[in-house]
Amino acid sequence: MKKNAFFRQLWMDLMRSVCSVRFVVSVLFFAILLSASEVTIFLSVVNGSGHYTVLDVIFFNITMDKYKVIMVILLSCIFAKSFCEDYNSSYLRCILTRVDVTFYAQSKVVVNAITNVLGSVLGFSVSTLFLSVFTPLVSEEMSVNNKEFVVEHPVLYILLMGLVFGLVSAACSTAGLLFSAFQPNAFVSIAIAGLMFFLVVSYASGTIFDGLGVILLESTFTKGEDTTLLDMIWNVMYPSLVIYVCGLLFRKRLEWRVKNGNI
């Protein structure tokens, strides 16, 4: 019975997030920024006047462009502020008459992670499909780590980048979700997600917590070398652990709110 209640809440939250205009708009703008945030490179690709591949464009826009923080904010907008909406509309009280607060919190964390990953993978896919109309996916002249794998499996490599980008974004937006349990303000929850991503990318560079290195599927243990299986496991586990810890604290905070009648 309890398990059924959890899955009903999970399904309701998932449909609420994915089957929405907000989700579609966020994915489309994500894909636009991933494709065209550097206008000069984008125009040279469309006009056929440059020698950039699809991976060149994606690499540049992730590593060099300032709009990647906005990309995380777009993904976070899908669901990270859902608790704020429930709380400020007093809908939370209605929900908690049907489902336990623990299941409610777990559903929020899981669906937030799913929407971030799904939105990121779809954004990378749309961007790749669009850019591939004008330029090849990859070139053998590219200077990149894991070159053999990248050249032989460019689509898989791009999808893996989308997956890990989504996980990193989910970790940041789960931190925003946690903060919203203390201050139920939608702006705060989204801003925290963007701030967390900025800090991880800007100040963890060169360490095993380097968010950019994780997203690019690089080895954060041995810089400059090809990625090993251990590196890939870490690239997935690192943001997943952050999601778990922030989700656990989010649940504890909501349980405290219910216990003290602050809902």
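Below is a short write-up of the structure. (Residues numbered from 1 in each chain as written. Predicted model: local features only at pLDDT ≥ 70, side-chain atom pairs only at ≥ 80, totals over all residues. Heavy atoms only, no water.)

**A closer look at helix 11 (residues 186-203)**
Here helix 11 is 18 residues long and its end C-alpha atoms lie 26 Å apart, about the 26 Å a rise of 1.5 Å per residue gives. Those residues of helix 11 that sit buried are Ser189, Ile190, Ile192, Ala193, Gly194, Phe197, Val200 and Val201. The inward-facing, buried residues of helix 11 contact helix 5 (68-79), helix 6 (82-88), helix 10 (154-182), helix 12 (211-215) and helix 13 (229-259). The backbone nitrogen of Phe187 lies 2.9 Å from a side-chain oxygen of the residue at the head of helix 11, namely Asn185. (Helix = DSSP H or I, 4+ residues; strand = E, 2+ residues; numbered from the N terminus. Expected span 1.5 Å × (residues − 1). Buried < 20%, exposed > 50% of the residue type's maximum accessible area, 1.4 Å probe, protein only. Contact = heavy atoms within 4.5 Å. Polar contact = N/O pair within 3.5 Å; in protein donor to acceptor, adjacent residues only side chain to side chain.)

**Focus on the environment of Cys172**
By the element assignment, Cys172 lies in helix 10. Classification of Cys172 as buried rests on a relative accessible area of 5%. Sequence-wise, Cys172 and Met196 are 24 residues apart; in three dimensions their C-alpha atoms are separated by 5.6 Å. If we skip the residues at most four places from it in the chain, Cys172 touches Val72, Ala193, Met196 and Phe197.

**A few points about the pattern of salt bridges**
Across all of its chains, the model carries 6 salt bridges by this definition. Ionic pairing is found between Asp86 and Arg16, a salt bridge with its closest N-O pair at 3.1 Å. Here Asp86 is found in helix 6, whereas its partner Arg16 is found in helix 1 (residues 2-18), with 70 residues between them in sequence. Taking the relative accessible area as the measure of exposure, Asp86 reaches 2% and is therefore buried. The exposure class assigned to Arg16 is partly exposed, which follows from its relative accessible area of 30%. Here the residues in one salt-bridge network are Asp13, Arg16, Arg22, Glu85, Asp86 and Lys108, joined through shared partners. (Salt bridge = Lys/Arg side-chain N within 4 Å of Asp/Glu carboxyl O.)

**Describing the nonpolar core**
Ranked by size, the top nonpolar core spans 71 residues in total, and within it Leu55, Phe124, Met161, Phe165 and Phe250 carry the most contacts. With 14 residues, helix 10 is the largest single contributor of residues to this core. Aside from chain neighbours lying at most four places away, what touches Phe250 is Phe83, Ala105, Lys108, Val109, Leu177, Leu178, Ser180 and Ala181. (Core = buried A, V, L, I, M, F, W, Y, C linked by side-chain atoms within 4.5 Å.)

**Observations concerning the packing of aromatic side chains**
Throughout the structure, instances matching the rule amount to 16 aromatic pairs. Aromatic side chains Phe149 and Tyr157 sit 6.2 Å apart centroid to centroid with 65° between the ring planes, which places their arrangement in the edge-to-face category. On the basis of relative accessibility, which here comes to 30%, the residue Phe149 falls in the partly exposed class. Since its relative accessible area comes to 3%, Tyr157 is described here as buried. Seen from their ring centres, Phe198 and Tyr203 are 6.3 Å apart, and the 80° between their planes marks the pair as edge-to-face. (Phe/Tyr/Trp six-rings, centres within 6.5 Å; stacked < 30°, edge-to-face > 60°.)

**Let's talk about helix 10**
Taking 1.5 Å per residue as the helical rise, helix 10 with its 29 residues ought to reach 42 Å, and the 43 Å between its terminal C-alpha atoms agrees with that figure. Counting buried positions over the 29 residues of helix 10 gives 22, a clear majority of the element.

**Here we look at the packing of helix 4 (residues 54-63) against helix 10**
Relative to each other, helix 4 and helix 10 sit at 20°, their axes nearing to 11 Å. Looking at the two axes, helix 4 sits roughly parallel to helix 10. With respect to the hand of their crossing, helix 4 and helix 10 are arranged in left-handed fashion. Here Val54, Leu55, Ile58 and Phe59 of helix 4 lie close against helix 10, whose contacting residues are Pro154, Tyr157, Ile158 and Met161. (Axes fitted to C-alpha atoms, helices over the stretch in contact; angles between N-to-C directions. Parallel < 35°, antiparallel > 145°, perpendicular 65-115°, else oblique. Left-handed = near helix turned anticlockwise from the far one by under 90°.)

**A look at unusual backbone geometry**
A positive phi is found at Ser90, a non-glycine position, where the angle reads about 65°. Mapping Ser90 onto the fold places it in the loop between helix 6 and helix 7 (91-95). Relative accessible area serves as the criterion here: at 41%, Ser90 is assigned to the partly exposed category. Here the phi dihedral of Leu217 falls at roughly 60°; this positive angle occurs in a residue that is not glycine. By relative accessible area, Leu217 is classed as buried at 3%.

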